[in-house]
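Below are the chains, spelled out letter by letter.
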Amino acid sequence: ATDARAHVPWPLAIINPVIMKLWTDFHVFSHPWEVMVEAAYRKYPNPHNPNVKSLDTLERRVTPRRLYSNRLFTSMWSVPSIVLQIIGSNPTVRIREQSTCDLERKTLTLCARNITLSNLFTLHETLEYSVNPEDPNTTVLKQTAKISVFGIPLLGDILERLLFSNYGSTVSQARVGVEVIADKIREETVA
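Counting restarts for each chain: residues are numbered from 1 in the order of the written sequence. Only residues with pLDDT of at least 70 get local features here, since the model is predicted, and only at 80 or more are side-chain atom pairs given and counted; chain-wide, interface and lining totals rely on the full set of residues. Calculation of side-chain values draws on the structure's entire complement of heavy atoms; hydrogens and water are dropped beforehand.

A. Expanded view of the overall build of the chain. On a plain count of helices and strands, the chain comes out with four helices and eight strands. Numbering of helices and strands runs from the N terminus; a helix is a DSSP stretch of H or I covering at least four residues, while a strand is a stretch of E covering at least two. Going from N to C terminus, the chain has its helices and strands arranged as β-α-β-α-β-β-α-β-β-β-β-α. The buried label applies to any residue whose accessible area, calculated with a 1.4 Å probe on protein chains only, is under 20% of its type's maximum; exposed applies above 50%, and partly exposed to all values in between. Buried residues in the chain amount to 41% of all 191 residues. The criterion used for residue contact is that any of the two residues' heavy atoms lie within 4.5 Å. Taking contacts inside the chain between residues at least 6 apart in sequence as the whole, the part at least 24 apart equals 57%. The accessible surface values rely on the Shrake-Rupley method and a 1.4 Å probe; as for residues, cover is taken only from the protein chains in view. With an accessible surface of roughly 10700 Å², the chain has 57% of that area assigned to carbon and sulfur atoms.

B. Representation of the environment of Pro47 within the structure. Its place among the elements puts Pro47 in the loop between helix H2 (33–41) and strand S3 (52–62). Through-space distance from the C-alpha of Pro47 to that of Ala174 is 9.6 Å; in sequence the pair is 127 residues apart.

C. Broad picture of the nonpolar core. Ranked by internal contacts, the top residues of the largest apolar core, which has 18 residues, are Met36, Val37, Ala39, Cys101, Leu108, Leu110 and Tyr129. Among the secondary structure elements, those contributing two or more residues to this core are H2, strand S6 (107–114), strand S7 (121–131) and helix H4 (156–190). Here the element with the most residues in this core is H2; it accounts for seven residues. Discounting residues that sit within four places of it in the chain, Val37 has contacts with Cys101 and Leu108. Counting 15 residues, the second-largest nonpolar core is a separate cluster that includes Trp77, Leu123, Ile147 and Val149. As used here, the term nonpolar core means buried Ala, Val, Leu, Ile, Met, Phe, Trp, Tyr and Cys residues forming a set that is joined through side-chain atoms within 4.5 Å.

D. Focus on the packing of H2 against H4. At a minimum axis separation of 9 Å, H2 and H4 run at an interaxial angle of 120°. In terms of axis orientation, H2 runs oblique to H4. Crossing handedness for the pair H2 and H4: right-handed. Along the contact surface, H2 presents Val35, Met36, Glu38 and Ala39, while H4 presents Val178, Ile181, Ala182, Ile185 and Arg186. Of the residues belonging to the contact of H2 with H4, the class tally is seven nonpolar, no polar and two charged. Here an angle of 0 to 180 degrees is reported between the N-to-C directions of two axes, which are lines fitted to C-alpha atoms, with helices fitted over the stretch in contact. Should an angle fall under 35 degrees it is taken as roughly parallel, and over 145 as roughly antiparallel, whereas 65 to 115 is taken as roughly perpendicular and any remaining angle as oblique. Left-handed describes a crossing whose near helix is turned anticlockwise from the far helix through less than a right angle; right-handed describes the clockwise counterpart. Residues are grouped as follows: nonpolar covers Ala, Val, Leu, Ile, Met, Phe, Trp, Tyr, Cys and Pro; charged covers Asp, Glu, Lys and Arg; every other residue, Gly included, is treated as polar.

E. Spatial organisation of the environment of His48. You can see His48 is positioned in the loop between H2 and S3. Exposure remark for His48: the relative accessible area of 32% places this residue in the partly exposed category. Between the alpha carbons of His48 and Ala174 there is a distance of 6.5 Å; along the sequence they are 126 residues apart. Non-local contacts of His48, meaning those with residues more than four positions away in its chain, are made with Gln173, Val176, Gly177 and Val180.

F. Representation of the packing of aromatic side chains within the structure. Only Phe, Tyr and Trp rings are paired, with Trp represented by its six-membered ring, and only when their centres lie within 6.5 Å; those with planes under 30 degrees apart are stacked, over 60 edge-to-face, the remainder tilted. With the rule as written, the count across this model stands at two aromatic pairs. Should the NZ of a Lys or the CZ of an Arg lie within 6 Å of a ring centre and within 35 degrees of the ring normal, that charge is described as sitting over the ring. Sitting over the face of the ring of Tyr68, Arg61 holds its NZ or CZ atom 4.3 Å from the ring centroid.

G. Summary view of the confidence of the model for the chain. One confidence number per residue, pLDDT, is output by the predictor and ranges from 0 to 100. For the chain, the average pLDDT comes to 83, and 82% of its residues sit at 70 or higher. In this model, residues 1–16 is a region of pLDDT below 50 whose contacts with residues beyond four sequence positions or in other chains number 21 contacts.

H. Region of the structure containing the pattern of salt bridges. The working definition used for a salt bridge is a side-chain nitrogen of Lys or Arg within 4 Å of a carboxyl oxygen of Asp or Glu. Following the criterion strictly, the structure yields nine salt bridges and no others. With its nearest N and O atoms 3.3 Å apart, the salt bridge here joins Glu104 to Arg65. Remark: Arg65 occurs in the loop between S3 and strand S4 (66–76) and Glu104 occurs in the loop between strand S5 (92–102) and S6; sequence separation between them is 39 residues. The exposure class assigned to Glu104 is exposed, which follows from its relative accessible area of 61%. Where Arg66 meets Asp102, a salt bridge forms, and the shortest distance between an N and an O atom there is 3.0 Å. Note that Arg66 is positioned in strand S4 and Asp102 in strand S5, a separation of 36 residues in sequence. Residue classification places Arg66 among the partly exposed positions, given a relative accessible area of 33%. Residues joined in a network through salt bridges with shared partners are Glu38, Arg42 and Glu188.

Structure (structure tokens):
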């Protein structure tokens, strides 16, 4: 992870700092790409990530080689109550996810971003599932996140660290959940 502070003119840097953290990771799933694509689309509800309370598909369209979707997640934000009091919010967060499944390139790209509190911070997450070039029976996940906090003088750095820490802790739970769903899909195809 890297810390990159955006260039902001001197007086504004004190009043309205912009703080950004970048996070990138790779993971190899022991399932073929097709199974992981289905698991990614079916990842909620999920006992390993119980914070997600609802999922709505807003749009889905198909072209000869691609599937596009636009979904809305409602999740409970697990942060200390003092943070919610400071920023004046409740723990319900809405997240928009746009995805492109490219059958020709065998990639699934999911891009998610928070809608709730986007005037205070943004969390842009990109997950790209692709066939592992070293073992075509497995799938590589490249996951990146960019967290930017702005408009919160003095508390921006604290919120940014909290968001970054919270994000990192939920990633492993989410991967376990997707893996469990992939196992279930493989069992369904064998049965």
